Amino acid sequence: MSTILYLVRHGETVDNANQTMQGQTQGELNERGILQAQELSEEWKDREIDVIVSSDLKRAVDTAAIVAAPHGLEVVKTPLLRERDWGDFTGRYIPDLKNEPFPDNVESLENLLSRAGEFITYVRETFPGKKVLAVGHGIINKAIQAVYYHKSMREIQKMSNAEVRELLL
């Protein structure tokens with residue numbers, strides 16, 4: 001029996017709405033993000049979920065906890081699902097970064113994709129045959145899909161806040 005991974009992006013945050021680069025900061029769901037998580041929870045309350053995994057960053061944990069509540073599940077946290085570390089870009093207004101070269105302290109694409117592969121392996125080995133809902137972030141979720149589908153990051157469509165994508169592991 002295959003493991004099913006439901007990959008979710010956290011609800012909208014204050015920084016998402018303000019177009020601020022969050023990276024590995026904790027982040028805080030805004031009212032819309034809480035509503036998105038509640039709507040996702042309502043939509044998924046009668047679906048079978050065996051395990052809920054989350055990035056260890058607050059915005060993902062909070063989203064996961066809302067979805068987990070009707071299932072009575074504890075949220076398993078892992079740093080493997082953390083967002084990309086944006087180094088000196090963290091906290092900056094995203095439109096201002098358009099033509100700037102990446103600082104040396106931005107997490108490399110190689111490291112990001114490696115971490116994505118480690119997450120896939122972690123889910124396969126830790127939860128074989130289970131239905132796993134995993135709440136992550138926009139870029140790490142793209143990386144997970146890029147590794148899974150053997151595609152480049154550019155080929156993976158951006159996920160909306162509280163969007164779910166299914167992968168059969």
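Up top is the structure.
The residue count restarts for each chain, going from 1 along the sequence in the order it is written. Residues qualify for local features only when their pLDDT is at least 70, as the model is predicted, and side-chain atom pairs are given and counted only at 80 or more; totals for whole chains, interfaces and linings, by contrast, use all residues. Side-chain numbers come from the whole structure's heavy atoms, not from hydrogens or water.

Draft legend 1. Quick peek at the overall build of the chain. Starting at the N terminus, helices and strands are each numbered in turn, a helix being any DSSP run of H or I of at least four residues and a strand any DSSP run of E of at least two. Looking only at helices and strands, the chain has five helices and five strands in total. Element order for the chain, N to C, with α for helix and β for strand: β-α-α-β-α-β-α-β-α-β. What the globule rule says is 2.2 Å times the number of residues to the power 0.38, and the radius of gyration is computed from C-alpha atoms. The C-alpha atoms of the chain give a radius of gyration of 15 Å, which matches the 15 Å a tight globule of 169 residues would have. Over its C-alpha atoms, taken along the principal directions, the chain stretches across nearly 45 × 35 × 25 Å. Residue pairs at least 24 apart in sequence account for 73% of intrachain contacts in the chain once pairs closer than 6 positions are excluded. Only the protein chains shown count as cover for residues, and all accessible areas are computed by the Shrake-Rupley method using a 1.4 Å probe. Taken as a whole, the chain presents about 8,600 Å² of accessible surface, with 47% of it coming from carbon and sulfur. Here, two residues are considered to be in contact whenever any of their heavy atoms come within 4.5 Å of each other.

Draft legend 2. Structural detail: the nonpolar core. If you look at the biggest cluster of nonpolar residues, it comprises 22 residues, and the most contacted ones within it are L5, V53, F119, V132, A134 and I144. Those elements giving two or more residues to this core turn out to be strand 1 (4-9), strand 2 (51-55), helix 4 (109-126), strand 4 (131-136) and helix 5 (138-149). No other element matches helix 4, which puts five residues into this core. For this analysis, a nonpolar core means a set of buried residues of the types Ala, Val, Leu, Ile, Met, Phe, Trp, Tyr and Cys, connected via side-chain atoms within 4.5 Å. Burial status follows relative accessibility: with a 1.4 Å probe on protein chains alone, a residue under 20% of its type maximum counts as buried, one over 50% as exposed, and anything between as partly exposed.

Draft legend 3. Summary view of the pairing of strand 2. Burial analysis of strand 2 places five of its five residues in the buried class, which makes it a mostly covered element. Taken together, the four bridges between strand 2 and strand 3 (residues 75-78) define a ladder with parallel strand orientation. Bridge pairing in strand 3 places S54 opposite K77. A clockwise course of the path from the first strand over the helix to the second, judged with the strands pointing away from the viewer, identifies a crossover as right-handed. Once the chain exits strand 2 it traverses helix 3 (residues 58-68) before rejoining the sheet at strand 3, and the crossover so formed is right-handed. At least two bridges found by DSSP between two strands is the condition for calling them paired.

Draft legend 4. Quick look at the packing of aromatic side chains. For Phe, Tyr and Trp, rings pair up if their centres lie within 6.5 Å, where Trp contributes its six-membered ring, and each pair is then called stacked (planes under 30 degrees apart), edge-to-face (over 60) or tilted (otherwise). Scanning the model with the defined rule gives six aromatic pairs in all. Taking the centre distance of 5.6 Å and the plane angle of 80 degrees together, the rings of W86 and F102 count as edge-to-face. Note that W86 is positioned in the loop between strand 3 and helix 4 and F102 in the loop between strand 3 and helix 4, a separation of 16 residues in sequence. Of the residues examined, W86 reaches a relative accessible area of 9% and is grouped as buried. Look at F102 and you get partly exposed, because its relative accessible area is 47%. Between F119 and Y122, the aromatic rings sit 6.2 Å apart at their centres with planes inclined by 40 degrees, giving tilted as the arrangement. Residue F119 and its partner Y122 are both found in helix 4; the two are separated by three residues, about one turn of the helix. In this structure an aromatic cluster arises from ring pairing among W86, F89 and F102.

Draft legend 5. Here's a closer look at the pattern of salt bridges. By convention in these notes, a salt bridge is any Lys or Arg side-chain nitrogen within 4 Å of a carboxyl oxygen on Asp or Glu. One pass over the full model with this rule turns up nine salt bridges. A salt bridge links E28 to K58; the nearest nitrogen and oxygen atoms lie 3.6 Å apart. Of the two residues, E28 sits in the loop between helix 1 (14-17) and helix 2 (31-44) while K58 sits in helix 3, which places them 30 residues apart along the sequence. Between K45 and E42 there is a salt bridge, and its shortest N-O distance comes to 2.8 Å. Ionic contacts of the salt-bridge type, sharing partners, join the residues E28, K58 and D62 into one network.

Draft legend 6. Highlighting the layout of surface pockets. One number sums up the size of the largest pocket: a volume of about 920 Å³. For cavity detection a 1 Å grid was placed over the protein atoms alone, and a set of points counts as a cavity when a 1.4 Å probe fits there but cannot get out; an open set counts as a pocket when protein lies on both sides within 12 Å along at least five of seven lines, with lining residues being those that have an atom within 4 Å of a point. Around the largest pocket, the lining comprises 32 residues; the ones closest to its centre are M21, W86, I94, I139 and K158. The set of elements that each furnish at least two residues to the lining of the largest pocket consists of helix 1 and helix 5. Here the lining of the largest pocket takes three residues from helix 5, the largest share from any one element. Grid points are joined across faces, edges and corners, and a volume is the space filled by probe spheres set on the points.

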